Amino acid sequence: MKNELASSSKPASHAIVIGGSIAGLTAAKVLSNHYDKVTIFERDRMPEGIENRKGVPQGRHPHVILKRGGMIFEELFPGLTDDLRQAGAVEVNVGQSAWYAFGAWRPRYDSTITTTAASRPLLESTARRHLMKQPGLRFVQDCEVVGLEMNASGTHVTGIKVRNRNGAILDTTETTLTADLVVDASGRDSKAPEWLESLGYPVPQETVVDGKAAYATRIFEKNADWDLDWEFMYVQPTAPYQKRGIIFLPMEGGKRWHVTAIGMAGDYPPTDEEGFMEFIRSLPVQMPFEALQKCTPVTPIVGYRRAENRMRHYHAMPRYLENFLVAGDAAIAFNPVYGQGMSSAAIGALVLDACIKEHLAEGQTGSLAERFQKQLEQAITVPWQLATGEDSRWFPVEGATPDPEMMMMGRYMEQVFRATCINPQVLEAFYQVMHMLETPSIFFRPDIVLQVVNEMVTA
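Quantities reported herein were computed from a predicted structural model and do not represent experimental measurements.

Undergrad: Can you help me understand the overall build of the protein chain in this one?
TA: For the protein chain, the helix and strand inventory stands at 13 helices and 23 strands. For 459 residues, the compact-globule estimate of 2.2 N^0.38 gives 23 Å, and the protein chain sits close to it at 23 Å. When the backbone C-alpha atoms are referred to their principal axes, the protein chain occupies close to 70 × 50 × 40 Å. Going through the 459 residues of the protein chain one by one, you find that 54% of them count as buried.

Here it is, written out as structure tokens:
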């Protein structure tokens with residue numbers, strides 16, 4: 001399809017972003033470099049300070065910025081990392097974690113990778129403050145997008161339909177606002193499939209890989225007798241036999257922990273006091289329970305159960321509504337336990353920037369929507385494979401046919417993961433992949449293969 005954007009140094013005057021979370025903020029920042037005006041529409045009313053909000057239910061749970069994501073955030077919002085740390089965010093060396101997996105504690109050492117631990121509200125509010133410095137940027141809150149508008153020929157989006165909200169009350173009056181580009185970054189509850197269907201467009205197919213994970217989180221404060229020296233702790237659930245795990249992650253100020261009990265395969269951690277503590281006591285190691293004896297709880301226990309991996313296949317659509325793009329969790333959502341969501345959203349913003357530049361360089365021919373959705377899927381392939389590969393060990397993907405080559409690969413990768421519990425060189429390679437700095441091909445580098453084989457021989 002031919003794109004109808006005007007030929008100029010900027011493709012058009014106005015871009016709209018639906019959703020003001022991380023995917024929306026990073027997309028808006030990129031769009032502000034190409035469009036005269038960018039408007040973010042957010043259905044929530046934003047808190048005045050650093051507080052949780054209803055539209056981010058996982059916001060009460062721990063967040064860590066993977067290294068690659070942190071590098072992109074800093075590229076998009078120069079000075080963001082310093083601002084986070086001045087606000088109390090904690091720098092963490094990933095090698096100084098107490099990480100239990102496959103029946104052993106992984107070695108502790110000084111890794112080359114450090115990252116920043118902060119609450120989701122602190123990260124969002126700081127990024128939003130940076131974004132609002134952009135000329136032509138407008139943030140409209142308490143406003144719900146309820147549909148799309150398209151041109152007379154039915155080929156291009158021309159705007160959105162919105163309704164004002166007053167708290168939980170939705171005004172019945174619809175307003176149509178024009179735009180030259182619309183990016184849906186509204187998250188897992190995106191209405192894009194319904195909007196497309198109502199306009200006569202196909203609905204994207206979906207792939208869901210669900211390890212039936214659930215979380216229960218409580219914030220604790222260290223007591224005066226705290227004497228433990230690890231920078232964070234993770235007892236990793238390990239399929240198929242160890243369903244339970246836990247994360248201790250520092251939050252701003254350094255005196256408080258996000259403590260999250262994890263249950264896989266439907267073994268959901270309780271949110272009552274007695275059940276929560278008993279769940280933690282039942283873990284295969286007692287260090288987490290003992291650590292909590294040196295802490296005081298400061299919040300209620302909050303649960304979360306929407307943790308499936310979900311890909312909407314916008315990259316494989318037979319027909320595209322031009323200038324309508326779907327990004328972040330609205331397109332590809334991950335089990336939050338792997339910490340990939342925010343960094344993947346940031347990667348998606350770079351893909352958006354590259355696609356717009358390519359589109360302009362080619363004279364605005366071809367389909368921007370198709371270009372973006374295909375390149376987004378390619379950019380997120382590795383984190384998607386890592387998350388779904390791990391979760392499908394609990395419940396194999398329905399209809400999937402065992403592949404002998406993939407089964408052999410899986411057996412080797414299990415030996416790699418076991419070697420990470422013994423060998424710091426293999427563990428560092430694992431962290432490089434986990435933080436999106438390397439692809440899993442690093443595990444087949446000759447020096448890593450040799451270390452894995454040596455550990456298998458000596459085991």
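Undergrad: Would you mind going over the pattern of salt bridges with me for this structure?
TA: Close approach of charged atoms allows side chains with opposite charge to pair. Applying the stated rule across the entire model yields 25 salt bridges. Salt-bridge contacts for Arg 310 lead to Glu 206; the nearest nitrogen and oxygen are separated by 2.5 Å. Remark: Glu 206 occurs in strand S14 (residues 206-209) and Arg 310 occurs in strand S21 (residues 309-312); sequence separation between them is 104 residues. Under the relative-accessibility criterion, Arg 310 is labelled partly exposed at 22%. With a shortest N-O distance of 3.3 Å, Arg 310 and Glu 308 are connected by a salt bridge. By relative accessible area, Glu 308 is classed as buried at 10%. Each of Arg 188, Glu 206, Glu 308, Arg 310 and Arg 312 takes part in one network of salt bridges that share partners.

Undergrad: What is the right way to read helix H2 (residues 67-76) from this model?
TA: Because an α-helix packs 3.6 residues into every turn, residues spaced three or four apart end up facing the same way. Buried within H2 we find Gly 69, Gly 70, Ile 72, Phe 73 and Leu 76. All buried residues of H2 project into a common sector of 165° when viewed along the axis, lining one side. Buried positions along H2 lie against helix H1 (22-31), strand S3 (64-65), helix H3 (80-86) and helix H8 (341-361).

Undergrad: Whenever I open this one, the side chain of Gln 236 confuses me. Can you help?
TA: Of note, Gln 236 is situated in the loop between strand S16 (232-235) and strand S17 (244-250). With relative accessibility at 11%, the residue Gln 236 sits in the buried group.

Undergrad: Hey, could you run me through the sheet that holds strand S13 (residues 181-184) in this one?
TA: Within a beta sheet, neighbouring strands are joined by backbone hydrogen bonds and run either parallel or antiparallel to one another. With parallel pairing, the five strands of this open sheet are ordered in space as S8-S2-S1-S13-S22. Since the sheet does not close on itself, it has two edges, and those belong to strand S8 (137-140) and strand S22 (324-326), each with one partner. Adjacent strand axes in the sheet meet at a mean angle of 15° when their direction is disregarded. In the packing of H1 onto the sheet, contacts are made with strand S1 (14-18), strand S2 (37-41), S8 and S13, and the angle to S2 comes to roughly 170°.

Undergrad: Any chance you could explain the sheet that holds S21 here in plain terms?
TA: Here we have three strands laid out as an open sheet, ordered S14-S21-S23, and antiparallel in their pairing. Both outer strands of the open sheet, S14 and strand S23 (332-333), are each paired with one neighbouring strand and no more. Sheet analysis places S21 next to S23, joined by two bridges and oriented antiparallel. By the bridge assignment, Met 311 is partnered in S23 with Ile 332. Lying on the sheet, helix H10 (residues 381-391) is in contact with S14, S21 and S23; it crosses S21 at an angle near 130°.

Undergrad: What should I look at first to understand the confidence of the model for the protein chain in this one?
TA: Reading fine detail from the predicted coordinates is not recommended where pLDDT is low. Residues with a pLDDT of 70 or more make up 91% of the protein chain, whose mean pLDDT is 89. The model gives residues 1-11 a pLDDT under 50, and that stretch makes 35 contacts with residues more than four places away or in other chains.

Undergrad: Before we go on, may I ask you to explain the pairing of S21 in this structure?
TA: Each regular strand displays side chains that alternate between the two surfaces of the sheet. Inspection of the sheet shows S14 paired to S21 by four bridges, in the antiparallel sense. In the sheet register, Glu 206 faces S21, and the bridge partner there is Arg 312.

Undergrad: Please clarify how the packing of aromatic side chains should be interpreted in this entry.
TA: In this description, an aromatic ring pair is defined by two values, namely the gap between the centres and the angle between the planes. The full count for this structure, using the stated rule, is 15 aromatic pairs. Look at Tyr 412 and Phe 444: their rings are 5.1 Å apart centre to centre, the planes differ by 35°, and that puts the pair in the tilted class. Separated by 32 residues along the polypeptide, Tyr 412 in helix H11 (residues 404-419) and Phe 444 in the loop between helix H12 (424-434) and helix H13 (446-458) bring together distant segments of the chain. Taking relative accessible area as the criterion, Tyr 412 reaches 17% and is therefore assigned buried. Phe 444 sits in the partly exposed class, given a relative accessible area of 39%. Between Phe 417 and Phe 430 the ring centres are 6.0 Å apart and the planes differ by 80°, which places this aromatic pair in the edge-to-face class. Separated by 13 residues along the polypeptide, Phe 417 in helix H11 and Phe 430 in helix H12 bring together distant segments of the chain. One Lys or Arg, Arg 106, reaches over the ring of Phe 430 and ends 4.6 Å from the middle of that ring. The residue whose ring lies beneath Arg 319 is Tyr 201, and the NZ or CZ to ring-centre distance is 4.0 Å.

Undergrad: Please clarify how the packing of H1 against H8 should be interpreted in this entry.
TA: Packed helices, taken two at a time, are described by the angle between their axes plus the distance between the axes. At their nearest, the axes of H1 and H8 sit 9 Å apart, and the two run at 25° to each other. Looking at the two axes, H1 sits roughly parallel to H8. In this structure, H1 meets H8 at a crossing whose hand is right-handed. Listed contacts from H8 to Ile 22, Ala 23, Thr 26, Ala 27, Val 30 and Leu 31 of H1 are Met 342, Ala 345, Ala 346, Ala 349, Leu 352, Asp 353 and Ile 356.

Undergrad: Which parts of the structure should I look at to understand the packing of H2 against H8?
TA: Remark: H2 packs on H8, axes separated minimally by 8 Å, with the N-to-C direction vectors making an angle of 45°. As the angle between them shows, H2 and H8 are arranged oblique. Regarding H2 and H8, the two cross each other, and that crossing is left-handed. Counting all contacts with H2, which are made through Arg 68, Gly 69, Ile 72, Phe 73, Glu 75 and Leu 76, the residues of H8 involved are Met 342, Ser 343, Ala 346, Ile 347, Ala 349 and Leu 350. Here the residues of the contact of H2 with H8 sort into eight nonpolar, two polar and two charged.

About the thresholds
Residues numbered from 1 in each chain as written. Predicted model: local features only at pLDDT ≥ 70, side-chain atom pairs only at ≥ 80, totals over all residues. Heavy atoms only, no water. Helix = DSSP H or I, 4+ residues; strand = E, 2+ residues; numbered from the N terminus. Rg over C-alpha atoms; globule rule 2.2 N^0.38 Å. Buried < 20%, exposed > 50% of the residue type's maximum accessible area, 1.4 Å probe, protein only. Salt bridge = Lys/Arg side-chain N within 4 Å of Asp/Glu carboxyl O. Arc of directions from axis to C-beta. Contact = heavy atoms within 4.5 Å. Pairing = 2+ DSSP bridges. Axes fitted to C-alpha atoms, helices over the stretch in contact; angles between N-to-C directions. pLDDT = per-residue confidence, 0-100. Phe/Tyr/Trp six-rings, centres within 6.5 Å; stacked < 30°, edge-to-face > 60°. Lys NZ or Arg CZ within 6 Å of the ring centre and 35° of its normal. Parallel < 35°, antiparallel > 145°, perpendicular 65-115°, else oblique. Left-handed = near helix turned anticlockwise from the far one by under 90°. Nonpolar A, V, L, I, M, F, W, Y, C, P; charged D, E, K, R; others polar.

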